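Notes for the structure review
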Amino acid sequence: MIELDLQNATGGAVPDEADLRRWCELALRQRQGDSELTIRLVDEDEGRELNRTWRQKDYATNVLSFPADVPEELLDIPLLGDLVICVPVVEREAVEQGKALQAHWAHLVIHGCLHLLGYDHIDDEEAEEMESLERQLLAELGHPDPYAGE
């Protein structure tokens with residue numbers, strides 16, 4: 001079971017909670033047991049501030065993942081962490097990249113959840129593993145390869 005805390009801090013059009021939950025469940029199905037996470041949907045100002053504070057990058061990005069920093073003695077609790085998704089960036093990228101908005105949303109939620117599970121794309125080998133899993137999960141949803149054409 002997934003406990004999802006959805007925080008909508010923007011006035012933009014966003015996917016409904018059922019879709020966000022479905023995408024999280026798909027990305028997290030490899031995890032044993034329950035999962036708790038927060039998805040916060042933000043505007044560009046908040047997205048930029050968070051990206052500047054935590055990544056030292058002065059622009060709003062599509063998704064930020066904040067894995068829970070759980071003390072070792074509490075590792076069995078289901079808290080995974082937080083995703084912050086910048087709604088205007090997601091909308092703009094979908095148009096610029098010629099992607100269906102729903103498919104781009106699904107990709108970014110899955111991408112962020114995989115980061116919460118410890119996946120990364122810092123080096124080529126890790127990137128290929130993560131991107132391969134993203135492709136597989138999105139194909140299950142009927143969405144095209146998000147990395148095609150890169």
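Heads up: these notes are all about the structure in this document. As the structure is a computational prediction, the values presented were derived from the model and not from experiment. (Residues numbered from 1 in each chain as written. Predicted model: local features only at pLDDT ≥ 70, side-chain atom pairs only at ≥ 80, totals over all residues. Heavy atoms only, no water.)

**Overview of the pairing of strand E2 (residues 35-42)**
For the record, the criterion: Partly exposed residues are those whose accessible area sits between 20% and 50% of the maximum for their type, while under 20% is buried and over 50% is exposed, using a 1.4 Å probe and protein chains only. In this text, helices come from DSSP runs of H or I with a minimum length of four residues, and strands from runs of E with a minimum of two, each type numbered from the N-terminal end. Here a strand pair is declared whenever DSSP counts at least two bridges between the two strands. A crossover gets the label right-handed when its path from the first strand over the helix to the second runs clockwise, viewed with the strands pointing away from the viewer.
The buried count for E2 comes to six of eight residues, which makes it a mostly enclosed element. With seven bridges joining them, strand E1 (residues 2-8) and E2 adopt parallel strand pairing. By the bridge assignment, Gln7 is partnered in E2 with Arg40. Handedness of the β-α-β unit built from E1, helix H1 (residues 17-28) and E2 comes out left-handed. The sheet contact formed by E2 and strand E4 (residues 79-86) spans seven bridges and is parallel. Following the sheet pairing, Leu37 is matched in E4 by Gly81.

**A few points about the packing of helix H3 (residues 87-96) against helix H4 (residues 101-116)**
Each pair of packed helices gets described by two things: the angle between the helix axes and the distance between those axes. As a reminder, the rule being used: Here, axes are lines fitted to C-alpha atoms. For helices the fit covers the stretch in contact, and angles between N-to-C directions go from 0 to 180 degrees. The labels follow the angle: roughly parallel below 35 degrees, roughly antiparallel above 145, roughly perpendicular from 65 to 115, and oblique for the rest. For a crossing to be left-handed, the near helix must be turned anticlockwise from the far one by less than a right angle; the clockwise case is right-handed. Whether two residues are in contact is decided by their heavy atoms, any of which lying within 4.5 Å being enough. Residue classes follow a fixed rule: Ala, Val, Leu, Ile, Met, Phe, Trp, Tyr, Cys and Pro count as nonpolar, while Asp, Glu, Lys and Arg count as charged, and any other residue, Gly among them, counts as polar.
Orientation of H3 relative to H4, taken along the N-to-C sense of each, is 125 degrees, at an axis distance of 9 Å. Considering their axes alone, H3 and H4 lie oblique with respect to each other. H3 and H4 meet at a crossing whose hand is right-handed. Mapping the contact onto sequence places Val87, Val90, Glu91, Glu93 and Ala94 in H3 and Leu101, His104, Trp105 and Leu108 in H4. Grouping the constituent residues of the contact of H3 with H4 by class yields six nonpolar, one polar and two charged.

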